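Below, each chain spelled out in residue letters.
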Amino acid sequence: MKKNNWSKMVQTFSRRSGLYIIFFVSIFLLISILTAVQPAYRFSSDTLSNWTKEMDSAIFYHLITMENRAYKQSFPEGEAEIPQLSGVFLELTSNVKPTDPRSFFGNEIPGFSIFDNQLLMASENDFTHFPIESNPPLEEVLREREAVLTGEDEEETGDAEETEETESKQTTGDRDVVFIYNTHNRESFLPHLPDETDPNSAMHGEINITNVSDRLAEGLKRKGIGTQVDNTDFGELLNERGMGYHQSYEVSRDIVAEAVAGNQEIQYMFDLHRDALRRDKTTQTIEGEDYAKILFVIGTGHPDYERNLKVATELHGLMEEEYPGLSRGVFQKDGSSGNGVYNQDMAENALLIEFGGVDNTMDELYRSADALAEVFSDYYWDAEAVQSDE
């Protein structure tokens, strides 16, 4: 009898030992594969984060309560039960949430993924105020069109030259500390394109967002802030390289790299665009005058986006104080529905700024450029004063 018991114990031990050995060998092989594979194919913290970010956070809390039951007392009433494993598995494998109907078709409907981005701060928190980016074929971008400036627009341009008395006593000297460029430099405005009605075709080689960049630079220089404006025609550059309009940020990245390498004094970098939204979403009346609204866009597709986010939120707050309603807010955008980086990983304090929409006029845009120059100059010189005190 004792021999039979001993034999059974030996057999049980042998089976368990075999399982243990197989388990440890499997773990060893898995670790070997994960560490030996090329870096591009390894799991990263970002990969795991993206994989699990859509899961209900209560799942992780339930896992903690398995180790320490005292935490179970803090659950809201009616939520003490662990979510069904079938639902957890579904979320992990498909990013579909049974409790969120949007997740069933969010990746199937073109443009719907924009609602997964975050409007962090806003004067009016409305989904309809999310930016819309035109993405026409390159040949449509380069097509020649008639463009006109009204007398009022020309008068507004002249007004900028007559405000020299407002020049700041503070100055950066011969240092250009702000760099302005336009990745979509041909983005234009329908009021100045008499033969064009399609918002996606509001493009022109001369009357476009670059005029706003020049106006902003003039305002900053009057405030003593040295500013460099890039005049590259990225549309033509794309055509020369045989690239598509969706590759605009690839070519503008080269220009940004040259600017950063050639001017070590650059402290702020602004990429100006215009939105494809219509007038009712992009216009604000302040003291009887119409302004083109401004939106700060921060790409979160790189690890250092928070430094840019800080600048954008502070500028939004200052603008709300001086020009209530002019800023549409701060919009965070990852790579799920666009570039997600926007060259903002190449320098500190890099912002993408949307000026107005397809229906705004140059005089409205110039007013907004002057307003931003005023607000930013206050922000800049206050920051300089703090640094000098330190």
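Remember, predicted model here, so these are calculated numbers, not experimental data. (Residues numbered from 1 in each chain as written. Predicted model: local features only at pLDDT ≥ 70, side-chain atom pairs only at ≥ 80, totals over all residues. Heavy atoms only, no water.)

Novice: What exactly am I supposed to notice about a nonpolar patch on the surface here?
Specialist: Together, I21, V25, F28 and L29 line one region of the surface with nonpolar side chains, adding up to about 410 Å² of accessible area. Structurally, the position occupied by F28 is in helix α1 (residues 2–36). Given the relative accessible area of 56%, F28 is considered exposed. (Patch = residues over 30% accessible without salt bridge, like charges linked within 9 Å, V, L, I, M, F, W, Y side chains within 5 Å. Areas by Shrake-Rupley, 256 points an atom, 1.4 Å probe, with all protein chains shown as cover. Salt bridge = Lys/Arg side-chain N within 4 Å of Asp/Glu carboxyl O. Helix = DSSP H or I, 4+ residues; strand = E, 2+ residues; numbered from the N terminus. Buried < 20%, exposed > 50% of the residue type's maximum accessible area, 1.4 Å probe, protein only.)

Novice: What should I look at first to understand helix α8 (residues 209–222) in this one?
Specialist: Owing to its 3.6 residues per turn, the α-helix aligns residues three or four sequence positions apart on the same side. Counted at 1.5 Å a residue, the expected span for α8 with its 14 residues is 20 Å, and the 20 Å between its end C-alpha atoms agrees. Taking burial as the measure, the 14 residues of α8 include eleven buried ones, the bulk of the element. Within the sequence span of α8, burial applies to I209, T210, N211, V212, S213, R215, L216, A217, G219, L220 and R222. Following α8 by one or two positions, G224 has its phi on the positive side, about 85°. (Expected span 1.5 Å × (residues − 1).)

Novice: I tried to follow helix α10 (residues 248–262) on my own but got confused; where do I start?
Specialist: With 15 residues, α10 should reach 21 Å at 1.5 Å per residue; the first-to-last C-alpha distance of 22 Å fits that figure. If you check which residues of α10 are buried, you get S248, Y249, V251, S252, I255, V256 and A259. Burial along α10 is one-sided: seen end-on, the buried residues are contained in an arc of 160°. Across α10 from its buried face, at more than 90 degrees, point the exposed residues E258 and A261. (Arc of directions from axis to C-beta.)

Novice: Can you help me understand the nonpolar core in this one?
Specialist: Soluble globular proteins tend to pack their nonpolar side chains together in the buried interior. Membership of the largest hydrophobic core comes to 43 residues, with the highest contact counts inside it found for F270, F355 and F376. Looking at this core, the elements that each hand over two or more residues are β2 (178–181), α8, β4 (268–273), β6 (289–292), β7 (294–299), α12 (305–322), β9 (350–355) and α13 (362–389). Once residues within four sequence positions are removed from consideration, F376 is found in contact with V178, L220, I225, Y268, F270 and L315. With 19 residues, the next largest nonpolar core counts L138, L237, M269 and A347 among its residues. (Core = buried A, V, L, I, M, F, W, Y, C linked by side-chain atoms within 4.5 Å. Contact = heavy atoms within 4.5 Å.)

Novice: Teacher, can you tell me more about the packing of helix α9 (residues 234–241) against α10 here?
Specialist: Each packed pair of helices is defined by two parameters, the angle between the axes and the distance between the axes. At a closest axis distance of 10 Å, the pairing of α9 and α10 adopts a crossing angle of 105°. In terms of axis orientation, α9 runs roughly perpendicular to α10. From α9, F234, L237, L238 and R241 reach across to α10, where they touch S248, V251, S252, D254 and I255. Grouping the constituent residues of the contact of α9 with α10 by class yields five nonpolar, two polar and two charged. (Axes fitted to C-alpha atoms, helices over the stretch in contact; angles between N-to-C directions. Parallel < 35°, antiparallel > 145°, perpendicular 65-115°, else oblique. Nonpolar A, V, L, I, M, F, W, Y, C, P; charged D, E, K, R; others polar.)

Novice: So what exactly am I meant to see when it comes to the pairing of β4 here?
Specialist: Within a regular strand, the side chains alternate between the two sheet faces. Across the six residues of β4, six count as buried, placing the element largely inside the fold. Burial along β4 is two-sided: the face carrying Y268, F270 and L272 and the face carrying M269, D271 and H273 are both buried. In this sheet, β4 lies alongside β2 in parallel orientation, the contact comprising four bridges. Counterpart to V178 in the pairing with β4 is Y268. (Pairing = 2+ DSSP bridges.)

Novice: Which parts of the structure should I look at to understand the pattern of salt bridges?
Specialist: Where side chains of opposite charge bring their charged atoms close, a pairing between them can arise. A full pass over the atoms with the stated rule returns 19 salt bridges. Notably, a salt bridge pairs E140 with R143, separated by 2.9 Å at the nearest N-O pair. With relative accessibility at 37%, the residue R143 sits in the partly exposed group. For R145, the salt bridge is made with E196, and the minimal N-O distance between the two is 3.0 Å. Remark: E196 occurs in the loop between β2 and α8 and R145 occurs in the loop between α6 (138–142) and α7 (151–161); sequence separation between them is 51 residues. Neither R145 nor E196 differs from the other in exposure class; each is buried.

Novice: Where do I start with the packing of aromatic side chains in this structure?
Specialist: Note on aromatic pairs: each is described by the distance of the centres and the angle between the planes. Counting across every chain of the model gives ten aromatic pairs. An angle of 70° between the planes, with centres 5.9 Å apart, marks the rings of Y268 and Y380 as edge-to-face. Note that Y268 is positioned in strand β4 and Y380 in helix α13, a separation of 112 residues in sequence. The same class applies to Y268 and to Y380, which are both buried. With centroids separated by 6.0 Å and ring planes inclined at 50°, the aromatic side chains of Y291 and Y323 adopt a geometry described as tilted. Of this pair, Y291 sits in strand β6 while Y323 sits in the loop between α12 and β8 (327–333), and the two are 32 residues apart along the sequence. Clustering of aromatic rings is evident, with ring pairs tying together Y268, F270, F376, Y379, Y380 and W381. (Phe/Tyr/Trp six-rings, centres within 6.5 Å; stacked < 30°, edge-to-face > 60°.)

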